[in-house]
Amino acid sequence: MSEDDLSKEANIKIPVGHLLAVWGILSEKLSSSPIKDSFTEEEKRAIWGLEDLCERELINQGYSSRPEKDWNQLMAKATEFVKNIPVDCLD
């Protein structure tokens with residue numbers, strides 16, 4: 001059996017538009033969805049941990065609090081952006 005270091009950090013390059021869209025799904029849609037009740041505690045920690053990582057990176061990239069109208073416009077742009085990202089199972 002190998003010794004896997006699961007605490008080793010992975011680096012994923014992701015465009016900010018994609019990151020915004022993922023964070024929006026995790027923080028807004030998934031958090032209020034009844035499906036979250038079917039997750040195990042470990043699954044919840046994995047999802048919410050990913051949400052935290054996304055949020056921290058968005059802050060690092062300069063995307064933090066904005067007026068609601070501006071934020072909604074930014075999220076709409078992110079939604080448009082992801083329409084053009086390559087997805088293996090769809091392309």
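What counts and what doesn't
- Residues numbered from 1 in each chain as written.
- Predicted model: local features only at pLDDT ≥ 70, side-chain atom pairs only at ≥ 80, totals over all residues.
- Heavy atoms only, no water.
- Salt bridge = Lys/Arg side-chain N within 4 Å of Asp/Glu carboxyl O.
- Helix = DSSP H or I, 4+ residues; strand = E, 2+ residues; numbered from the N terminus.
- Buried < 20%, exposed > 50% of the residue type's maximum accessible area, 1.4 Å probe, protein only.
- Lys, Arg positive; Asp, Glu negative; His and termini not counted.
- Contact = heavy atoms within 4.5 Å.
- Axes fitted to C-alpha atoms, helices over the stretch in contact; angles between N-to-C directions.
- Parallel < 35°, antiparallel > 145°, perpendicular 65-115°, else oblique.
- Left-handed = near helix turned anticlockwise from the far one by under 90°.
- Nonpolar A, V, L, I, M, F, W, Y, C, P; charged D, E, K, R; others polar.
- pLDDT = per-residue confidence, 0-100.
- Expected span 1.5 Å × (residues − 1).
- Arc of directions from axis to C-beta.

1. Overview of the pattern of salt bridges
So, point 1. All chains considered together, the criterion is met by three salt bridges.
So, point 2. With its nearest N and O atoms 3.6 Å apart, the salt bridge here joins Glu 41 to Lys 44. Of this pair, Glu 41 and Lys 44 both sit in helix 2 (residues 41-60), three residues apart, roughly one helical turn.
So, point 3. Overall, Glu 41 belongs to the exposed group, its relative accessible area being 53%.
So, point 4. Lys 44 sits in the partly exposed class, given a relative accessible area of 21%.
So, point 5. Among the ionic pairs, Glu 80 bridges to Lys 83, the shortest N-O distance being 2.8 Å.
So, point 6. Under the relative-accessibility criterion, Glu 80 is labelled partly exposed at 44%.
So, point 7. Judged by its relative accessible area of 59%, Lys 83 falls in the exposed class.

2. Here's the deal with the side chain of Glu 51
So, point 1. Relative to the elements of secondary structure, Glu 51 occurs in helix 2.
So, point 2. For the buried Glu 51, which has no salt bridge, the nearest side chain bearing the opposite charge is Arg 56, at an N-O separation of 10 Å.
So, point 3. The residues contacting Glu 51, other than those within four sequence positions of it, are Trp 23, Leu 26 and Ser 27.

3. Points about the packing of helix 1 (residues 16-30) against helix 3 (residues 68-82)
Helix packing for two helices is described by the angle between their axes and how far apart those axes are.
So, point 1. Two numbers describe how helix 1 lies on helix 3: the axes approach to 8 Å, and their chain directions differ by 110°. It follows from the interaxial angle that helix 1 and helix 3 lie roughly perpendicular. In the crossing of helix 1 with helix 3, the sense of the turn from one axis to the other is left-handed. Along its contact with helix 1, which presents Gly 17, His 18, Leu 20, Ala 21, Trp 23, Gly 24 and Glu 28, the element helix 3 presents Trp 71, Leu 74, Met 75, Ala 78, Phe 81 and Val 82.
So, point 2. Broken down by class, the residue content of the contact of helix 1 with helix 3 amounts to nine nonpolar, three polar and one charged.

4. Description of the confidence of the model for the protein
So, point 1. Residues at a pLDDT of 70 or more form 98% of the protein, whose mean pLDDT is 92.
So, point 2. The element-level mean pLDDT for the protein is lowest in helix 1, coming to 94, with helix 3 highest at 96.

5. Concerning helix 2
So, point 1. With 20 residues, helix 2 should reach 28 Å at 1.5 Å per residue; the first-to-last C-alpha distance of 28 Å fits that figure.
So, point 2. Among the residues making up helix 2, those that are buried are Ile 47, Glu 51, Cys 54 and Leu 58. Down the axis of helix 2, the smallest arc covering the buried residues is 65°, so these residues share one side. Among the exposed residues of helix 2, those oriented more than 90 degrees off its buried face are Glu 41, Glu 42, Arg 45, Ala 46, Leu 53 and Asn 60.
So, point 3. Check the buried side of helix 2 and you find it contacts helix 1.
So, point 4. Two residues or fewer past helix 2, Gly 62 is found with a positive phi of approximately 95°.

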